[in-house]
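Observations on chain architecture
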Amino acid sequence: MMNSGALFETFARAPLAFERGEGCWLITAGGERYLDFAGGIAVNSLGHCHPHLVAALTEQAGKLWHVSNLYNVPGQERLAERLVQNSFADRVFFTNSGAEALECAIKTARRYHYTNGHPERFRIITFEGAFHGRTLATIAAGGQKKYMEGFGPKVEGFDQVPFFDLDAVKAAITPETAAILIEPLQGEGGIRELPQGGLAALRKLCDEHGLLLVLDEVQTGVGRTGKLFAYQWTDVEPDIVAIAKGIGGGFPMGACLATDAAAAGMTAGTHGTTFGGNPLAMAVGNAVLDVVLSDGFLDEVSRKGLLLKQGLAAVADDFPQVVEGIRGVGLMAGLKCRMPNIDVNKALRGQHLLAAPAGDNVVRLLPPLIADDDEIRIAVDRIRAAAANLAAAIDNAA
Ligand SMILES: *Cc1c(COP(=O)(O)O)cnc(C)c1O
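Counting restarts for each chain: residues are numbered from 1 in the order of the written sequence. Residue-level local features of this predicted model are given only where pLDDT is at least 70; pairs of side-chain atoms are given and counted only at 80 or more, and the full residue set underlies all totals for whole chains, interfaces and linings. Hydrogen atoms and water are omitted, and side-chain values are computed over all heavy atoms in the structure.

Focus on the site of the ligand
For each residue, the test is whether any non-hydrogen atom lies within 4 Å of the molecule or strand; if one does, the residue is near. Neighbouring the ligand are the residues S97, G98, A99, F131, H132, G133, E183, D216, V218, Q219 and K245. The definition of a polar contact used here is a pair of N or O atoms within 3.5 Å, where within protein one atom must be able to donate a hydrogen and the other to accept one, and adjacent residues in sequence count solely through side-chain atom pairs. A distance of 2.8 Å separates an oxygen atom of the ligand from a polar atom in the backbone of G98. Within the contact set of the ligand, a nitrogen atom lies 3.1 Å away from a backbone nitrogen or oxygen of F131. Expressed as a share of its isolated accessible area of 380 Å², the protein-covered part of the ligand is 81%. Residues of the shell around the ligand, tallied by class, amount to 3 nonpolar, 5 polar and 3 charged. Only the protein chains shown count as cover for residues, with accessible areas throughout obtained via the Shrake-Rupley method and a probe of 1.4 Å. Polarity classes work like this: nonpolar for Ala, Val, Leu, Ile, Met, Phe, Trp, Tyr, Cys and Pro, charged for Asp, Glu, Lys and Arg, and polar for all others, with Gly in that last group.

And the structure:
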């Protein structure tokens, strides 16, 4: 199955195409069923074709698609109020993607200092292994050479330090520093957790130096870790948070959340978007929250996350030549591989289990949050089968 050649060659795609989805399952035109534990890379938070999302989207589609931000969009106000009620935030700006949510977060942080009389404070400290998107500013924030090469001068104002090196953070703070930007749990970087107390240490530094703490929860947000936002596992309150992926459940949308103080400089005309916050997206975002905020839903994510982790740990114990260790929180899990993660991912696909490779030689498992115990067991069984095959191949070669 080849693509037509009419597309940019920017993606190394698997030779697979799906015709429909049901819950945690993706089905090809030929009727083959794959268990989807990549979840559109943490996007399909409620699986495929969740009835409540389908109803919300189709109902809205029959009423109104788009009006622009020249008018009030009631769905925006409702979704913003619900995000505010359930987080640190006072205000929300809606976008179409994670990178745009980060762009808004970066602009908001810079603008905060500008309106407080410090236009020189525009630099943002970021961490190695970070991923913040593919726009020019967000590749500079992510700091990965492979994403910046050939795209002209790096956007100015991002200072990257080694992953969670607090001394390096301290050393990087200058009178020009505006903010610290971090994922509470690195996703694409390889499901890398911060050390215990890590966010609190950053909050303290921010308070001491008048910096804003900006979190990228594009992957960790909206229930993925068993809390609505991953920072809620700590006592820390951030100033700005970017979300996307899970909030749309597959409909493209994102949001930048901020405190009143942090957002004070973002006045009429300073920022904008044509599509962001459109009625279709808002209908779906509200429907996602109906489910994720329903009684007991997030506790179930934690419980199922533990079930997944236990299963994966047993596989790692039995096949250490394939899987070196298990990482993650809630339904955001990583297999740290001993052999190339690409080969492990391919072997999983051979078992009709979809996962997503990440940095640091990790394979990510980001199942829909609605995955049930049986589906988690099937996934673990398939990972075990793939690991057994890979281990046997290694033994045969030796
Ligand atoms: C996916 C991702 C982004 C970028 O989101 P897009 O919607 O692809 O622009 C930014 N940050 C993190 C942590 C992500 O996982």
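There is more to say, and it comes next.
Things to note about the sheet that holds strand β3 (residues 33-36)
For two strands to be treated as a pair, DSSP must find at least two bridges joining them. Runs of E in the DSSP output that reach at least two residues are strands. Runs of H or I that reach at least four are helices, and both are numbered from the N terminus. Read across the sheet, 4 strands follow the order β1-β2-β3-β15 without closing on themselves; strand pairing throughout is mixed. Both edges of this open sheet fall to β1 (18-22) and β15 (353-354), since each of them pairs with a single strand only. In this structure, β1 lies alongside strand β2 (residues 25-28), joined through 4 bridges in antiparallel fashion. Within β2, the position partnered with F18 by the bridge is T28.

Some thoughts on the state of the cysteines
Sulfur atoms of two cysteines make up a disulfide when they are within 2.5 Å. Following the criterion strictly, the structure yields 0 disulfides and no others. No disulfide involves C24; its sulfur sits 12 Å from the nearest other cysteine sulfur, which is in C49.

Quick notes on the pairing of strand β10 (residues 212-216)
Two faces, one strand: in a regular strand the side chains alternate between the faces of the sheet. When a residue's accessible area, from a 1.4 Å probe over protein chains only, is under 20% of the maximum for its type it is buried; when over 50% it is exposed; and in between it is partly exposed. The buried fraction of β10 is high, at 5 of 5 residues. Direction of pairing for strand β7 (residues 177-182) relative to β10: parallel, over a ladder of 4 bridges. In the strand pairing of β10, I180 is matched with L213. As defined by bridge partners, β10 adjoins strand β11 (residues 240-243) across 3 bridges and the pair is classed as parallel. The residue of β11 that forms the bridge with V214 is I240.

Describing the side chain of T108
With respect to the secondary-structure elements, T108 resides in helix α4 (residues 98-115). Dropping the residues within four chain positions of it, T108 is found in contact with I240, C256, A262, A263 and M266. Only heavy atoms matter for contacts: two residues are in contact if any of them lie within 4.5 Å across the pair.

Brief notes about the pattern of salt bridges
Pairs can form between side chains of opposite charge once their charged atoms are near each other. Here, a salt bridge means any side-chain nitrogen of Lys or Arg that lies within 4 Å of a carboxyl oxygen of Asp or Glu. A full pass over the atoms with the stated rule returns 17 salt bridges. The residue D159 makes a salt bridge to R123 at a minimum N-O spacing of 2.8 Å. Of this pair, D159 sits in strand β6 (residues 158-161) while R123 sits in strand β5 (residues 123-127), and the two are 36 residues apart along the sequence. For D374, the salt bridge is made with R377, and the minimal N-O distance between the two is 3.4 Å. Of this pair, D374 and R377 both sit in helix α13 (residues 373-397), 3 residues apart, roughly one helical turn. Shared partners join several salt bridges into a network, and the residues in it are R20, E22 and R33.

Describing the UniProt feature "binding site: N(2)-acetyl-L-ornithine" (unreviewed entry) in the protein chain
Per the UniProt record, "binding site: N(2)-acetyl-L-ornithine" (unreviewed entry) is annotated on R134 and T273. Counting through the fold element by element, T273 comes out in the loop between α9 (260-263) and α10 (279-292). Ignoring anything within four residues of it in the chain, the contact list for T273 reads N69, F93, F94, N96 and E100. UniProt positions are given in the numbering used here, feature names are shortened, and annotations may be inferred rather than shown by experiment.

Concerning the domain arrangement of the protein chain
Interface extent is often summarised as the accessible area lost during association of the parts. Residue ranges for the domains trace back to a domain assignment, done automatically or taken from a database. Partitioning the protein chain into structural domains gives domain 1 (20-50 + 296-397) and domain 2 (64-292). Placing a centre on the C-alpha atoms of domain 1 and another on those of domain 2 gives a separation of 28 Å. Taken together, the two surfaces of domain 1 and domain 2 that pack against each other cover about 2,200 Å², and 62% of this comes from carbon and sulfur. In this structure, the connection of domain 1 to domain 2 is made through 0 salt bridges. Taken together, the connections running from domain 1 to domain 2 amount to 8 residue pairs in polar contact (both at pLDDT 80 or more). Take the accessible area each of two parts loses on contact, using a 1.4 Å probe, and add the two losses: that sum is the buried area.

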